[in-house]
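# Architecture and fold: a report
Below are the chains, spelled out letter by letter.
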Amino acid sequence: EQSSAARVFIDSDDLKNLDELFNIVKTDVATLVVYLTRDTLRRPWCVGEVTTAFMTMSARVVAVWARGFVAPAEDELNHLDTYIDQDGCNLVQYNIFEIDIRVSFKK
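Cut-offs used in this document
- For every chain, the first residue of the written sequence is number 1, and numbering continues from 1 onward in sequence order.
- Per-residue local features of the predicted model are confined to residues with pLDDT of at least 70, and side-chain atom pairs are confined, for both listing and counting, to 80 or more; whole-chain, interface and lining totals are unaffected and use all residues.
- Side-chain calculation: all heavy atoms of the structure are included, whereas hydrogens and water are not.
- Working definition: with a 1.4 Å probe on protein chains only, accessible area under 20% of the residue-type maximum means buried, over 50% means exposed, and in between means partly exposed.
- Every helix listed is a DSSP run of H or I at least four residues long, and every strand listed is a run of E at least two residues long, numbered separately from the N terminus.
- It is the directions from the helix axis to the C-beta atoms that the arc portrays.
- Pairs of N or O atoms within 3.5 Å make up the polar contacts considered here, provided that, within protein, one atom can donate a hydrogen while the other can accept it, and that residues adjacent in sequence are counted only when both atoms are side-chain atoms.
- We call two residues contacting when some pair of their heavy atoms lies within 4.5 Å.
- With strands facing away from the observer, any crossover in which the path from the first strand over the helix to the second runs clockwise is taken as right-handed.
- Axis lines are fitted through C-alpha atoms, for helices just across the contact stretch, and the angle between N-to-C directions can take any value from 0 to 180 degrees.
- Should an angle fall under 35 degrees it is taken as roughly parallel, and over 145 as roughly antiparallel, whereas 65 to 115 is taken as roughly perpendicular and any remaining angle as oblique.
- Side-chain classes are defined by residue name, with Ala, Val, Leu, Ile, Met, Phe, Trp, Tyr, Cys and Pro counting as nonpolar, Asp, Glu, Lys and Arg as charged, and the others, Gly among them, as polar.
- Among buried residues, the Ala, Val, Leu, Ile, Met, Phe, Trp, Tyr and Cys ones that are joined through side-chain atoms within 4.5 Å form a nonpolar core.

### Some words on helix α5 (residues 98–105)
- The set of residues buried in α5 consists of Ile101, Arg102, Ser104 and Phe105. All buried residues of α5 project into a common sector of 165 degrees when viewed along the axis, lining one side.

Structure below.
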């Protein structure tokens, strides 16, 4: 059995304070592993994490594509307000804008 000194943070550990979650991505994450399911890029906290990592260039982003994942089509990228489930969460309040999301999704 091997152990590692690496710290692991799973975003589902703290989804109440998105400011803090996005700050963790900016300041404490070296590699962001994104498990892409059919719904990952529709969840605002996931979108925020990915976009924060790309915007700040603070973390290397590694995508793991699950069976069934389909990247957003160009039409969906042009209508992120309906593609992303922002019910109860407006990413603009965290300075995450559609143009930044669009750029991040295309990387």
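### Focus on the side chain of threonine 51
- Residue position: threonine 51 is located in helix α2 (residues 44–56).
- Here the side chain of threonine 51 touches valine 47 through a polar contact of 2.8 Å, landing on its backbone oxygen.

### With respect to unusual backbone geometry
- Phi at methionine 57 takes a positive value of approximately 50 degrees, unusual for a residue other than glycine.
- Assignment of secondary structure puts methionine 57 in the loop between α2 and β2 (60–65).
- For methionine 57, a relative accessible area of 72% gives the class exposed.
- Unusually for a residue other than glycine, asparagine 95 sits at a positive phi of about 60 degrees.

### So, the environment of serine 58
- Considering the arrangement of structural elements, one finds serine 58 in the loop between α2 and β2.
- Taking the C-alpha atoms as reference, serine 58 lies 16 Å from valine 103; in sequence the two are 45 residues apart.
- Apart from residues lying up to four places away in sequence, serine 58 is in contact with Val25, Lys26, Val29, Thr52 and Ala53.
- From its side chain, serine 58 meets the backbone oxygen of valine 25 in a polar contact 3.2 Å long.

### Structural notes on the environment of isoleucine 96
- For isoleucine 96, the location among the structural elements is in the loop between α4 (80–83) and α5.
- Taking relative accessible area as the criterion, isoleucine 96 reaches 3% and is therefore assigned buried.
- Measuring from C-alpha to C-alpha, the distance between isoleucine 96 and proline 72 comes to 18 Å, with 24 residues separating the pair along the chain.
- Setting aside its immediate chain neighbours within four residues, isoleucine 96 contacts Phe22, Gly48, Thr51, Thr52, Leu91 and Ile101.

### With respect to the pairing of strand β1 (residues 31–36)
- What you see with β1 is a clean split: Leu32, Val34 and Leu36 sit on the buried side and Thr31, Val33 and Tyr35 on the side with no burial.
- Assessed by its sense of winding, the connection that carries the chain from β1 through α2 to β2 is right-handed.

### A look at the packing of α2 against α5
- At a minimum axis distance of 9 Å, the contact between α2 and α5 shows a crossing angle of 80 degrees. Relative to α5, the element α2 lies roughly perpendicular. In contact with Val47, Val50, Thr51, Phe54 and Met55 of α2, α5 contributes Asp100, Ile101, Ser104 and Phe105.
- Split by residue class, the contact of α2 with α5 holds 6 nonpolar, 2 polar and 1 charged.

### Observations concerning the nonpolar core
- One finds Phe22, Leu32, Leu80, Leu91, Tyr94, Ile101 and Phe105 to be the most contacted residues of the largest nonpolar core, which totals 25 residues.
- Secondary structure elements with two or more residues in this core: α1 (18–28), β1, α2, α4 and α5.
- When residues of this core are assigned to their parent elements, the largest contribution, 5 residues, is made by α1.
- Leaving out residues up to four positions away in the same chain, phenylalanine 22 has contacts with Pro44, Trp45, Gly48, Glu49, Thr52, Leu91, Tyr94 and Ile96.

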